[in-house]
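Read off the chains here:
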Amino acid sequence: QSTWGMNVADALRTVNYAPGKRIIKQGDEGVEMFFIETGEAKITIQKDGVGEEKTLEKVLKKGDYFGELALLTDQPRAASIYAVGKVKVAVLDVESFERLFGPCIEVMQRNTADYEKEIKKLFPDSHHMPTFR
């Protein structure tokens, strides 16, 4: 195994979530990112951070990651994530993220356009949704 791979493994900690448990909350400060090891999670967003939560079509599954937007943009969490059934995640704190993924951050930032498109589908008339750049 590579030194980089061992460093990543050393930086991760495992957390289990019960069905329906909120993993991250929209509006909170982002200090960690998450990798789904088992289970599924749903993404919800509230317009302007208040009112009814709307669920995005995308379901997060084993191998998916989330929470990186707040780390990439230094903005509050843009969405909430809830466990669908039991979920096990690997958690990476912001300091380890910056140390380990510094060279990859530009690639990850490109994915932000996809998030913006999903939010626009949910709130087509909104002018106050978070930007991810």
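Enquirer: A description of the packing of aromatic side chains should follow, citing residues and the corresponding values.
Expert: All told, the structure shown has two aromatic pairs when counted by the stated rule. Judged by centre distance (6.2 Å) and plane angle (50°), the rings of F35 and Y65 are tilted. Of this pair, F35 sits in strand β3 (residues 32-46) while Y65 is found in strand β5 (residues 65-66), placing the two residues 30 residues apart along the sequence. Using a relative accessible area of 23% as the deciding quantity, one classes F35 as partly exposed.

Enquirer: I'd like a rundown of the nonpolar core, residues and numbers included.
Expert: Core analysis: the largest hydrophobic core is formed by 18 residues, its most contacted members being Y17, I23, F34, L60, F66, I81 and V89. For this core, the elements supplying multiple residues, two or more each, are β1 (13-17), β2 (22-24), β3, β4 (53-60) and β6 (80-93). With nine residues, the next largest nonpolar core counts M33, L71, V94 and F101 among its residues.

Enquirer: Hey, could you go over helix α3 (residues 94-101) for me, with residue numbers and the actual values?
Expert: Taken together, the buried positions of α3 are occupied by V94, S96, F97, L100 and F101. For α3, the buried positions fall inside an angular range of 160° around the axis, keeping them on one side. Opposite the buried face of α3, by more than 90 degrees, sit the exposed residues E95 and R99. The N-capping residue of α3, defined by a side-chain oxygen 3.1 Å from the backbone nitrogen of E95, is D93.

Cut-offs applied
- Residues numbered from 1 in each chain as written.
- Predicted model: local features only at pLDDT ≥ 70, side-chain atom pairs only at ≥ 80, totals over all residues.
- Heavy atoms only, no water.
- Phe/Tyr/Trp six-rings, centres within 6.5 Å; stacked < 30°, edge-to-face > 60°.
- Helix = DSSP H or I, 4+ residues; strand = E, 2+ residues; numbered from the N terminus.
- Buried < 20%, exposed > 50% of the residue type's maximum accessible area, 1.4 Å probe, protein only.
- Core = buried A, V, L, I, M, F, W, Y, C linked by side-chain atoms within 4.5 Å.
- Arc of directions from axis to C-beta.
- Polar contact = N/O pair within 3.5 Å; in protein donor to acceptor, adjacent residues only side chain to side chain.

Honestly, it's all geometry; don't read function into it.
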